[in-house]
Structures are given as structure tokens and as C-alpha cells.
Amino acid sequence: MTQQLRIATVTLNPAFDLVGRVPRIELGEVNTVETLGLYPAGKGINVAKVLADLGLCLSVSGFLGQDNQGDFVQTFQQNGIDDQFYRIAGKTRINVKITETAADVTDLNFLGFEVCTGDWVKFTALSQRWHEQFDLVAVCGSLPRGVSPNQFADWLQSLKAQGLKVVLDSSNAALTAGLKTQPWLVKPNRRELEVWANRTLTTMDEIILAAQQLSAEGIENVVISMGEQGSIWLNREGVLQAQPPRCENVVSTVGAGDSMVAGLIYGLAQGWSKADTLRFASGTSALAVSQSNVGISDKQALAEIMEQVQLTAI
Ligand SMILES: Nc1ncnc2c1ncn2[C@@H]1O[C@H](COP(=O)(O)OP(=O)(O)OP(=O)(O)O)[C@@H](O)[C@H]1O
Ligand SMILES: O=P(O)(O)OC[C@@]1(O)O[C@H](CO)[C@@H](O)[C@@H]1O
């Protein structure tokens, strides 16, 4: 296996994911949750877990609360992931994810710790030498309190100025500010694309048009994920659509997008074609929805899903 890219993922606002299943949430009532999972997570960490399962060497960075870091450190050690997280005072947040039998996941994402100016300055100063270690940096997830979208955009710009390939998967104001810095690859979902485009996107034509407008802003690779309807990838080679097989037993959609980002990075790190890379990323993300945690637990299942992914050049 060749690894052509040196990779880091960045999670500025990580979280423990507290994951469970109830038949149906009754608001205002006591709900008994049937299953229990508590995982060190956050978007960039999820991406890293999938890449490590696939056998890539990589580093993780961002901010981590020093008071409850134990399970994170253990996860990095168990997965052979190089830990370059900057520790700050306090605790990393806990996000609650409840899957209902006949509905999607309800996410209760908490705000998390606050990063003070001094810590932001030290962290960003350290990152100015990342070009010595990495070729590609995947910046994933929301901003912690204390970091403004403008500060975030300036920092992304500084990574780009080092010659790093920046992959961005964020949301809301951070995504809007980050997109202006023209990352190398972005993966908004349909809802995030709607926010950027400031209009509802119902048909595939509407989604493609908005994605083309985003690409015209100077972003080399625009991947739009659309849940069970798959994804599209626009770049200078054209538009490629991927439809994964329908998952009959959805356990949790948490981390599907992160597993897709990981699959894309993996294919690109291997130097694969666009079609092979998107097929693989569709496979890793579709596999994720059949599990409660992210990761490649069953390579045979991944291979079977990949065979059923339908690719269409548009
Ligand atoms: N029900 C499903 N069946 C098969 N594949 C799915 C399903 N849901 C999601 N996927 C796969 O996962 C990819 C990413 O899903 P989605 O668009 O929901 O990402 P997301 O909103 O960024 O997710 P998250 O933020 O929860 O990680 C899809 O493009 C698709 O390939
Ligand atoms: O608040 P953010 O950073 O946007 O999202 C955080 C989060 O929902 O993203 C991951 C799933 O994609 C979870 O592990 C985590 O709890």
C-alpha cells in the first residue's frame, strides 16, 4: 500500500458522543434509552479513526480539554494515531445522539469549552510549521467558543499559504467564512449547501447548480453529500454522482459524513481515480450507518457495499 500524502485531521471542538436508541422520543416525558455508547469523537477524530482502521498513519490536532482527556488519549494510542492536540483548561463537551426506530438521529450538540486568546495564538503559531510534517490537513467540525469565523478563516488562509491541501467540513458561519478561503476540497451536506446558497434545493438540478456556483468560487473539489440519496463530486473532470445501496438496518447516521470524508482522503492518498475514490467513500459512509460508532469494522461488508454503488457521470 502506498501512502502518498502526509495527513493530519483537526478538530477544534471535539466531543464525547453519548449514543443510544429509543423507539420514539416523548418530549417532556421520561424516556428509557435502550442502548449505550460513549465514544471519543468530533468530526476530525472520526475521520482519523476511519483512516487509521484503513491502515494509514496520521496525526490529529485541535483543542482537547485536559480534565477528561483519558479516553481520547487511549483511543489515539490504541489506533496508532499521533496525538498533537493542544490541551486547554476544562472539559471536552458531551454530545447526545438518540436514534429513533422510525426517524433520524436527534443530536443535542453542546457548546463546549471556550478557547482564550492566548491559547488560540499559541495553537495557530504551532500550526505555522505544519508544512514540515503534512501535505493535507482536514479541518472538520464546529468552532469552539472564543474563536470567531473571521479568526478561523485567517487561520485556514495561513495553512493554505504554507502550501497545504486543506479539506474543510464544517457548518454555519464557520463554513461560510471558510469557503471564502478556497479550500482544496469541501464536503457540505445538502442542508449546508442550502445555507450557503441561501435558497431551498429540492431537485438534483438545483443541487448541481448550487454546487457549480460553489465550485466557481475557486474550490477545486466540491463534494455534496445527500444522506441515503448518495453524493455528487464536482471538479475539473466534471460531475460524478454516486448512489449507495439502501441500508436496510440503519443503526446510526452519526459520522456518515465523516466516514465519507475519510474515504475520499484515503482514495486520494492512494492516488486512485475520481471514480474509484468516490465508490470507496460511498462504501465507507454507507457502512457507517449500519454501526453505532465510526470505523471500518468489517472489510468484507465494505467490499460488498462498494460493489453495489452506482456511479453516473452527469
Ligand atoms: N441511509 C443511508 N444509506 C446508505 N448510505 C448512506 C445513508 N445515509 C448516509 N449515507 C452515506 O453517507 C454519506 C454522508 O451522509 P450525510 O449526507 O447524511 O452526511 P452528513 O450530513 O455530513 O453526516 P454527519 O454530519 O452526521 O456525519 C452519504 O453521501 C451516503 O454516501
Ligand atoms: O458540533 P460539530 O463539530 O459540528 O459536530 C460534532 C459532531 O456532531 O460531529 C460528529 C458527527 O459528524 C460527532 O462525533 C460530533 O458529536
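Below is a short write-up of the structure. What you are looking at is a predicted structure, and each value in this text was computed from that prediction instead of being measured.

Criteria and thresholds
Residues numbered from 1 in each chain as written. Chains lettered and ligands numbered in written order. Predicted model: local features only at pLDDT ≥ 70, side-chain atom pairs only at ≥ 80, totals over all residues. Heavy atoms only, no water. Near = heavy atom within 4 Å. Polar contact = N/O pair within 3.5 Å; in protein donor to acceptor, adjacent residues only side chain to side chain. Areas by Shrake-Rupley, 256 points an atom, 1.4 Å probe, with all protein chains shown as cover. Helix = DSSP H or I, 4+ residues; strand = E, 2+ residues; numbered from the N terminus. Buried < 20%, exposed > 50% of the residue type's maximum accessible area, 1.4 Å probe, protein only. Pairing = 2+ DSSP bridges. Nonpolar A, V, L, I, M, F, W, Y, C, P; charged D, E, K, R; others polar. Axes fitted to C-alpha atoms, helices over the stretch in contact; angles between N-to-C directions. Phe/Tyr/Trp six-rings, centres within 6.5 Å; stacked < 30°, edge-to-face > 60°.

Turning our attention to the site of ligand 1. As a structural note, the neighbourhood of ligand 1 is formed by 21 residues, with Asn 189, Ser 225, Gly 227, Gly 230 and Ser 285 the closest of them. Here an oxygen atom of ligand 1 sits 2.8 Å away from a polar atom, N or O, in the side chain of Asn 189. Here an oxygen atom of ligand 1 and a backbone polar atom of Gly 257 are 2.9 Å apart. For ligand 1, whose accessible area on its own is 640 Å², the fraction buried by protein is 87%. Elements that contribute at least two residues to the shell around ligand 1 include exactly helix H8 (256-270) and helix H9 (274-288). Among the elements that line the shell around ligand 1, the one with the most residues is H8, at 4 residues.

Now for the pairing of strand E7 (residues 93-100). Taken across its 8 residues, E7 has 7 buried, putting it largely inside the fold. Relative to E7, strand E2 (residues 15-22) runs parallel, the two sharing 8 bridges. Paired with Val 22 across the strands is Glu 100, a residue of E7. Of the strand pairs in this sheet, E7 and strand E8 (residues 105-108) are connected by 4 bridges, and their pairing is antiparallel. If you follow Val 96 over to E8, its bridge partner there is Leu 108.

Below, the discussion takes up the site of ligand 2. Around ligand 2, a shell composed of 14 residues is seen, among which Asp 17, Lys 43, Lys 97, Ser 142 and Asp 258 lie nearest. Here ligand 2 has 400 Å² of accessible area as a free molecule, and 91% of this is covered by the chains. Where the shell around ligand 2 is concerned, the elements lending two or more residues are helix H1 (43-53) and E7. Per-element tally for the shell around ligand 2: the top contributor is E7, with 3 residues. Here the shell around ligand 2 is composed, by residue class, of 2 nonpolar, 7 polar and 5 charged.

Right, let's get into the sheet that holds E7. Strands sit in the order E3-E2-E7-E8 across an open sheet of 4 strands; the sheet is mixed. Looking at which strands have only one partner, the edges of the open sheet turn out to be strand E3 (37-41) and E8. Each neighbouring strand pair of the sheet contributes to a mean axis angle of 25°, computed without reference to strand direction.

In this section: the packing of aromatic side chains. All chains considered together, the criterion is met by 15 aromatic pairs. Taking 4.7 Å as the distance between ring centres and 45° as the angle between the ring planes, the aromatic pair formed by Phe 63 and Phe 123 counts as tilted. With Phe 63 in strand E4 (residues 58-65) and Phe 123 in helix H3 (residues 117-127), this residue pair connects regions lying 60 residues apart in the sequence. Note on accessibility: Phe 63 and Phe 123 belong to one class, buried.

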